[in-house]
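A look at the structure
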Amino acid sequence: MRRTASSILQDPERSQIAEQNEAMRHNRNAFARMAASPVEVHGSRLLLKIVGKLDHGGRDVLKPDSTGYRILAEFTRRVTTPEPTELPSSIAAPKNDKPFFEGVTMLDNRRLLRRVTLSLAGRLPTSAELAALDEQGSAGLPKLFDGIMKEDAFYDRLREAFNDIFLTVGYDGGAEQALTYEHFEKTRLWAEKHSLDHIEDAKARQQARYKLWNDYRKAILGEPMKLVEYIVRNDRPFTEIVTADYIMVTPYTSRGYGVFDQLHDSFKNSDDPFEYVPVKLKALVGRARSTDQESATGFYPHAGLLSTFQYLRRYPTTETNRNRLRARMYYLHFLGVDALELAARVSDAAAVSAKFEVPTMQASECVVCHKTVDPVAGMFQDFYQPEGVYGRRKDGWFKDMFVAGFEGEDLPAEERWRSLQWLGERTAKDPRFATTMVEHVYYVLTGRKVLLAPKDLDDPLYAARRRAYDEQRRAVQTIADRFVQANFNLKQAFKEWIVSDFYRADGLLSAVQDPNRRAELDDVGVVRMLGPEQVDRKVAAIFGEPWGKMNEQLAVLYGGIDSKEVTERATDPSGAMGAIQRTLANDVACKHTARDFAREPAERRLFVGVEPDMVPGTSPETDAAIRSTLVRLHEQIVGRTYASDSPEIERAWQLFSGIVSDSHDQKGFDPREIYACRPASTGPMPLDKAYTIRAWRAVVTYLLRHQEFLYE
Amino acid sequence: MRRDELLRRDFLKHCGLAGLSLALPFGRSSSAQAGEKDEPYAGPYYIVFNASGGWDTTYLMDPKGVEGINRLYQEGDILTHGAHKYAPTAKHIQAGMSNEDFYAEFGDQLLVVNGLDYSVNNHSPGARYMATGKLDSLAYPTFAALVAACRGPSCPLAFLTFGNYSSTGNLVAMSRVPYLPSLKKLANADAVEGNERAPYFDSFAMDRIEQALGEQAAAQASLPRLPRQERAQTSCMPRRQIRKRLHGSRPIFRQMCPRNACRNRPTWLWRRSKRGSAYRPTYRSHSSIVTSITTPTR
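None of the values given here were measured: they were computed from a predicted structure.

**Here we look at the overall build of chain A**
- The helix and strand inventory of chain A stands at 31 helices and 10 strands.
- With the C-alpha coordinates aligned to their principal axes, the bounding extent of chain A is approximately 95 × 80 × 50 Å.
- Of all 712 residues assigned to chain A, the portion counted as buried reaches 56%.
- Relative to all contacts within chain A whose residues are 6 or more apart in sequence, the contacts with residues 24 or more apart total 65%.
- Looking at chain A as shown, the accessible area adds up to about 31,100 Å², and 50% of this sits on carbon and sulfur atoms.

**What about the packing of helix H7 (residues 152-166) of chain A against helix H20 (residues 431-446) of chain A?**
All names here are of chain A.
- Interhelical geometry of H7 versus H20 gives an angle of 115° and a closest axis separation of 10 Å. When the axis of H7 is compared with that of H20, the two are roughly perpendicular. With respect to the hand of their crossing, H7 and H20 are arranged in right-handed fashion. Of the residues in H20, those touching H7 at Arg157, Ala161, Phe162, Asp164 and Ile165 are His440, Tyr443 and Val444.

**Here we look at the nonpolar core**
Residue and element names in this part refer to chain A.
- Formed by 134 residues in total, the largest nonpolar core has its most connected members in Phe162, Phe238, Ile241, Phe334, Leu490, Phe494 and Trp497.
- Here this core takes 11 residues from helix H10 (residues 202-233), the largest share from any one element.
- Formed by 83 residues, the second largest nonpolar core is a distinct cluster that contains Val539, Ala576, Leu606 and Met614.

**Some points on the confidence of the model for chain B**
Residues and elements named next belong to chain B.
- This prediction gives chain B a mean pLDDT of 68; 61% of its residues lie at or above 70.
- Within chain B, the element-level pLDDT minimum falls on strand S8 (residues 290-293), averaging 24, and the maximum on strand S3 (residues 79-81), averaging 95.
- Residue range residues 1-22 is modelled with pLDDT below 50. Its contacts to residues more than four positions away, or to other chains, number 52 contacts.
- Every residue in residues 252-298 is under pLDDT 50, and counting partners more than four places away or in other chains gives 151 contacts.
- Interface confidence in the predicted complex, given as ipTM, is 0.83; pTM for the same model is 0.81.

**A closer look at the packing of H20(A) against helix H21 (residues 462-485) of chain A**
Residues and elements named next belong to chain A.
- The contact between H20 and H21 brings their axes to 9 Å, and the two run at 110°. The orientation of H20 with respect to H21, classified from their angle, is roughly perpendicular. The two elements H20 and H21 cross, and the hand of that crossing is right-handed. Together, Ala434, Thr435, Met437, Val438, Glu439 and Tyr442 of H20 and Gln472, Arg473, Val476, Gln477, Ile479, Ala480, Phe483 and Val484 of H21 make up the contact between the two elements.

**A word on the interface of chain B and chain A**
- On the side of chain A, 91 residues touch chain B, which itself brings 75 residues to the contact.
- Interface area for chain B against chain A, summed over the two sides, is near 6,900 Å², with a carbon-plus-sulfur share of 56%.
- Between the two partners, chain B and chain A, sit eight salt bridges.
- A salt bridge links A:Arg705 to B:Glu210; the nearest nitrogen and oxygen atoms lie 3.0 Å apart.
- The interface formed by chain B and chain A includes 17 residue pairs in polar contact (both at pLDDT 80 or more).
- Breaking the side of chain B that touches chain A down by element, the ones donating at least two residues are helix H4 (123-132), strand S6 (174-175), helix H6 (180-187), helix H7 (203-221), helix H8 (227-233), helix H9 (239-256) and helix H10 (259-264) of chain B.
- It is H7(B) that contributes the most residues to the side of chain B that touches chain A, 12 residues altogether.

**What about the state of the cysteines?**
All names here are of chain A.
- Taken as a whole, this structure holds one disulfide over all chains when the rule is applied.
- Linked covalently through their sulfurs, cysteine 590 and cysteine 677 form a disulfide whose S-S length is 2.1 Å. Since a negative S-S torsion denotes a left-handed disulfide, the cysteine 590-cysteine 677 link at about -115° is left-handed. Note that cysteine 590 is positioned in helix H27 (residues 575-598) and cysteine 677 in the loop between helix H29 (647-663) and helix H30 (692-704), a separation of 87 residues in sequence. For the pair formed by cysteine 590 and cysteine 677, the shared burial category is buried.
- We note that cysteine 369 lacks a disulfide partner, and the nearest cysteine sulfur, in cysteine 366, lies 9.0 Å from it.

**Things to note about the pattern of salt bridges**
- Going through the model one piece at a time under the given rule, you end up with 62 salt bridges over all chains.
- Here B:Arg231 ties to A:Asp522 by a salt bridge, and the two come within 2.8 Å at their closest N and O atoms. Residue B:Arg231 is found in helix H8, and its partner A:Asp522 is found in the loop between helix H24 (515-520) and helix H25 (532-543); the two belong to separate chains.
- Judged by its relative accessible area of 28%, A:Asp522 falls in the partly exposed class.
- Among the ionic contacts, a cluster of salt bridges with common partners joins A:Asp152, A:Asp156, A:Arg159, A:Lys226, A:Glu229 and A:Arg233.

**Considering the packing of aromatic side chains**
All names here are of chain A.
- According to the stated counting rule, one finds 40 aromatic pairs over all chains in the structure shown.
- Their ring planes at 75° and their centres at 6.2 Å tell us that tyrosine 384 and phenylalanine 398 sit as a pair that is edge-to-face. Pair noted here: tyrosine 384 is in the loop between helix H18 (364-379) and strand S8 (405-406) and phenylalanine 398 is in the loop between H18 and S8, with a separation of 14 residues, a long-range link.
- You can call tyrosine 384 buried: its relative accessible area is 8%.

Thresholds applied
- Residues numbered from 1 in each chain as written.
- Chains lettered and ligands numbered in written order.
- Predicted model: local features only at pLDDT ≥ 70, side-chain atom pairs only at ≥ 80, totals over all residues.
- Heavy atoms only, no water.
- Helix = DSSP H or I, 4+ residues; strand = E, 2+ residues; numbered from the N terminus.
- Buried < 20%, exposed > 50% of the residue type's maximum accessible area, 1.4 Å probe, protein only.
- Contact = heavy atoms within 4.5 Å.
- Areas by Shrake-Rupley, 256 points an atom, 1.4 Å probe, with all protein chains shown as cover.
- Axes fitted to C-alpha atoms, helices over the stretch in contact; angles between N-to-C directions.
- Parallel < 35°, antiparallel > 145°, perpendicular 65-115°, else oblique.
- Left-handed = near helix turned anticlockwise from the far one by under 90°.
- Core = buried A, V, L, I, M, F, W, Y, C linked by side-chain atoms within 4.5 Å.
- pLDDT = per-residue confidence, 0-100.
- Buried area = accessible area lost by both parts, 1.4 Å probe.
- Salt bridge = Lys/Arg side-chain N within 4 Å of Asp/Glu carboxyl O.
- Polar contact = N/O pair within 3.5 Å; in protein donor to acceptor, adjacent residues only side chain to side chain.
- Disulfide = S-S within 2.5 Å.
- Phe/Tyr/Trp six-rings, centres within 6.5 Å; stacked < 30°, edge-to-face > 60°.

Structural data, given as structure tokens:
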């Protein structure tokens, strides 16, 4: 950590290289001065202070036998007697000159394309894409990615993933309450009064009313993430997420804002509840003059996501919290800084409270963070109503807080009416913004956050963990630079990550036993258990329709989130999740096997070259057709291409033929599929006299339980 | 319905209404561990409450009655049960159990620690410090996760968490809401809609599938893999273990988590009182089973 001239706490790990170097130099010099400063005859002031042997406000932070102390002792020795010497082995990091990814195998282009299409577009690669890839090789990848990132399914995934980060659908109360009574009391409940008189039947009319409300609420909840989509889809700079001077509205939500008539001609279909268009709202007019919004332009001072009612309501405030939650989330979401972790430490809170009148402005252990957080909290001061949206505090903004501003720069009084725009403009220029957005993309692609710097110097694997962290930081910074060069086009960040070794890493050339190397590789490789929405989309991509049961309680049990209380996805499967995977495998195979056989051969997805009467061992041609189908099923379901005589296909062959063979030993089995697995409406039900349909179902079940299917 | 069953239901219900979250590490007793015979877990069970948002402990185990701290009672009204002091609430109780009844029934079994000063200057680090004992690292498991990992590493629902800081340190997988109807289906994952009389496969076919999967897993395990791939592979569990252990958990959930309580839970958690939203720089736990934190809600 270091402090700037204006005493703003910053984290050098999050700064650009030049700033990092300057910060390190600053800190190094400060330590050197302290190390060279002796205390009478007792030794270095630095070494004495650090173990609590001097009377000062801090405490002992290192033990004399710790690695940290030994490093400082060596530092002190070098400062006081600066002859170059080898580092003692107790603190020297092991040298490792080999490339970080040496020995790590990477996905080939075809499997990479499959991963990308499934992950971002919820489908398998098309034959045209595969042909283009075969023809052009890696050079063809960017164009293919561009195509994928034009698909609607990509934007479904984008909105879903960014909601995981911003959680804007998770605010309390009804969705329409984001539009406050104070400013929208005449319009926000339009769905209740909207004429449905053309529906004669009362019950049908009531059902239509319910649907109207549901669509309206869903459309309001969707606005913030539609802003994300609009920016990315139209190749606009992603800085607009904090600077956009518009919001996204639909025919339904624009009625709530009272601007539908103004926008009517902007919509292609004014009855579509989910057609979003950008709009700049007028400054809010309250029920009382005192609640009118001040505006120099007459418009609402939009600042991208920051000023949307949904974001403000998702992170509300109170008289005691004073917008500090919002400041924290702002730093976390847009600058990648967890303000609560900036300077976590233990202290005697009672003593601090007794000693200082306003600890957050006077006590150093409090000021260290509040000097950063409180000015940003002040930027939200005009959005202070309990509902979370516009309204000034009755008694004026707090005097016992640092004044509104951003990292040492005070908000000019004449800018107050557009404070969030002022903040957004500075955010967009902050180098931390670009790296944070690149980290968000990493999260979208891998399902986990970037590594945190290891802190425990006494950890024997510290150097290895540090190397892994440094390697990832370099990748983040490199991609962030290219993202900025591409005018903050978020698609660039996606493309850069996708072709990076971090996304392509797929295995090892040889087993690694060395604990240091294992620690370096601990977080390498996507190896992500698909979330409930993703696994359902994967089922749809392969079988033509989603499983359809992965919702609500089951989705949460399978590691999903509700954006309110459960906000972190579970990424490692519990036993219950394993049981859900089993259920899914059984159920999906049950639903699709006999149904596929009931179709005409040309219309089948799974069983193109085989029929229920083809029993293994009856002829070489039959066996070849069965093996060929097994190869295709492996390609479709687990994304692996195996030779027909490979161990994997042989294992599946043994499964299929073994079940058919075993069935002959059963007395009088039913010549039909079990009732639950019979197709409901796809042609006549094929009989299963040879037990092959059930054996094929077993093969599909077996493949659906592969790690390669359940993981990305 | 037995009284203890009733109490557990009410306890959870009221905790939900009060905005509390809890983590339930389910583990195997040492005797069960020794056997490793797929027996349902028999206890003990650990419940860790995190009263995020805070409740006023002066109305339960930390009575004051002075300087206007409490209006319902004065210092002289404070009751005792052995060495315990507690606030009188019987005259004011509208629902649930009064402190008088609570102490009469459970007072002899309680160990109360009224306050631990963690002296942490920040909210989420404070919650983490309290849950894990480590202030400066995100890598350590919570107490609940640690117990679950030690007691029941192979239990399918060893560690249930309902929110708040829940780091597992990669020692044990966390699970979410135990919804009884879902649990029934999951316990019989190889039967249609969880109906044991309607298996998806004849037993000989199911055995073949398990055999093939076992061989496939062994083949995978023999390949050089990244550490993350190894961890993913080890998350698989034999069919029989899952089924029996989930079966074993069901009666517990039935007692502890009434259907409506589980269904409605998401609307309860994180509800904060005005007092709960206060910004306080220190953290204190108020008893061995109850921990109170004041923290901004995310």
